[in-house]
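So you can see what is in the structure, the chains are spelled out below.
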Amino acid sequence: MQTELFQKDKTNKLSSTRVGGKMTADYWENIFTAKERGKHVVWYNGAAMNPLFQAAGLEWCHGEAFAARLAAQHLEEPAQAAGAEYGYIGELCSYARTHLGCAVLTQQSRTESETGVVGLLDQKELAAKLPAPDFFVNGYAGCSTGQQWDAMTYRVFDRKLPVFNVSLPMLWGNKPDAGYMRGEEWVEVSDYAEGQLRELITFLEHQTGRPFDWDVLSESMSFIKRASELRLEAMQLCTHAPTPATYWDWVASIAPINFLPGNQALVDYFAGVKAEIEQRLRDGVSAVKDERYRVYFDGIMNWNKLGFLTRKFAEYDVSVVAGRYTHESFWQEPQLIDVDNPLRGMAQHYLLCPLNHGLKNLQELLLRRLDEYAIDGIAFHSTRTCRAMTNPQTMLAKTAERERGVKSFFFEGDVADASFYNDELFDSRLEAMLEAIDVQRTKSLV
Ligand code: SF4
């Protein structure tokens, strides 16, 4: 197979996702002025706890989101250099490493300027512009890095700022009745996680000195629930072949669903995405010219390489149609949310993080997606510094081959560190998988 990469761009990305990009950019610009506006700021990582912060009247900075944003804009180096100088090694999760570097730069700026507004001395370095936190909230499912990350950030800020750690148990799926969203284990851990959120709300009330606004929480969750329904309906339309939108379009929609405020604009955004996909189906427009292979993506994105990988897969006539990160996360079970009493459904979503399942649940989810999207192959992004995502990948590859005859390939990279990616290895492994799929198709015709 000989492909002239990037001779022409065969991708046809959704134009409606640009609206989400603008909403996200505006969100960050607003965050950068939080202190000037006298707002309380929480730094958090892990689960999408932003509706709780919205109801508490806070401004919120999601650590991974900011690290991913810097990486996607190729602006992560100053933060990573600051982190390295402080002593964080390159094997540490690159989200954490980047964000810890931001904390170092933020703290330096605050100390130097004494204005409370970060970045006046360093306006060109986006990494230094985060407003310093008033406190931290950690809510990590399926990965222990989060807790240590906040413990380190606590040290960077002179051990003075409070930290609340929401404990989210793993869904091991070991009991006979266990499965995705069912069984005794599911009920038990849902009770526990809901209790954790109630304690977090008490903490937020203490930090802000205000009663928590349950009405605001219900209202914002009603918008998020509707946005999620529209997102899933639009995703479902992409089971059509050739697909009208790809995994990369869903990556472009992560920021809005993951941390933007729950409001009408969020609903309008996903209504726009769905409308564009419906229009494409009516017009017979596909997301990748000459789709010949439908691939599932397992692993967190390589944010530095998003545009590059989008074009590269398309050059091989591959539509990446779905993925573990995009399709098993981000309010993906909206029927769980009771808008009048949303806490339990929220807790359950935090547990349903795709890093938080034992193998049995992951196998169930993967096979469901392979069938739903008529997948030919799987790209396993072996996310180098994220063990939580890579741990089960070899077993999932075996499951896909054994149960559905679906081929796969592995490539190395990382969430926010471009240095782990090797282009030649990527090409040769993808080509090998596509050739194996071709052979399989030829045999099935005999
Ligand atoms: S190691 Fe993976 S799951 Fe853990 S914080 Fe980093 S990116 Fe997230």
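Definitions and cut-offs
- Residues numbered from 1 in each chain as written.
- Predicted model: local features only at pLDDT ≥ 70, side-chain atom pairs only at ≥ 80, totals over all residues.
- Heavy atoms only, no water.
- UniProt positions renumbered as here; feature names shortened; annotations may be inferred.
- Helix = DSSP H or I, 4+ residues; strand = E, 2+ residues; numbered from the N terminus.
- Expected span 1.5 Å × (residues − 1).
- Near = heavy atom within 4 Å.
- Nonpolar A, V, L, I, M, F, W, Y, C, P; charged D, E, K, R; others polar.
- Phe/Tyr/Trp six-rings, centres within 6.5 Å; stacked < 30°, edge-to-face > 60°.
- Buried < 20%, exposed > 50% of the residue type's maximum accessible area, 1.4 Å probe, protein only.
- Pairing = 2+ DSSP bridges.
- Right-handed = clockwise from strand over helix to strand, strands pointing away.
- Contact = heavy atoms within 4.5 Å.

- Per an unreviewed UniProt entry, the protein carries the name (R)-2-hydroxyisocaproyl-CoA dehydratase alpha subunit and comes from Gordonia insulae.
- The UniProt entry for the protein carries this comment under Sequence similarities (unreviewed entry): "Belongs to the FldB/FldC dehydratase alpha/beta subunit family."

**Quick notes on helix H7 (residues 184-208)**
For the α-helix, the turn length of 3.6 residues means that residues three or four positions removed from each other point alike.
Line of reasoning, step 1. With 25 residues, H7 should reach 36 Å at 1.5 Å per residue; the first-to-last C-alpha distance of 37 Å fits that figure.
Line of reasoning, step 2. Of the residues one or two after H7, Gly209 is the one with positive phi, at around 70°.

**A word on the site of the ligand**
Line of reasoning, step 1. Every residue close to the ligand is listed here: Cys93, Tyr95, Tyr140, Cys143, Thr145, Trp149, Ile300, Leu355, Thr385, Cys386 and Ala388.
Line of reasoning, step 2. Taken together, the residues that form the shell around the ligand break down as 9 nonpolar, 2 polar and no charged.

**A look at the packing of aromatic side chains**
Line of reasoning, step 1. Tallied over the entire structure, the rule returns 31 aromatic pairs.
Line of reasoning, step 2. Their ring planes at 80° and their centres at 5.6 Å tell us that Phe409 and Phe426 sit as a pair that is edge-to-face. One end of the pair, Phe409, is in strand E8 (residues 407-413); the other, Phe426, is in helix H18 (residues 423-445), and 17 residues separate them in sequence. Neither Phe409 nor Phe426 differs from the other in exposure class; each is buried.

**Some thoughts on the pairing of strand E2 (residues 59-62)**
Line of reasoning, step 1. Covered by surrounding structure in E2 are Glu59 and Cys61 together with Trp60 and His62, the residues of both alternating faces.
Line of reasoning, step 2. Two elements, strand E1 (residues 41-46) and E2, share 4 bridges in a ladder whose sense is parallel. The residue bridging Val42 from the neighbouring strand is Trp60, located in E2.
Line of reasoning, step 3. Taken together, E1, helix H2 (residues 50-55) and E2 constitute a β-α-β crossover, and its handedness is right-handed.

**Regarding helix H8 (residues 214-237)**
Line of reasoning, step 1. The end-to-end C-alpha distance of H8, which contains 24 residues, comes to 35 Å, matching closely the 34 Å that a straight helix rising 1.5 Å per residue would cover.
Line of reasoning, step 2. Along H8, the residues that are buried comprise Leu217, Ser218, Ser220, Met221, Phe223, Ile224, Ala227, Ser228, Leu230, Arg231, Ala234 and Met235.
Line of reasoning, step 3. Those residues of H8 hidden inside the fold are in contact with H2, helix H9 (247-252), helix H10 (254-259), helix H11 (264-283), helix H13 (324-327) and helix H14 (343-351).

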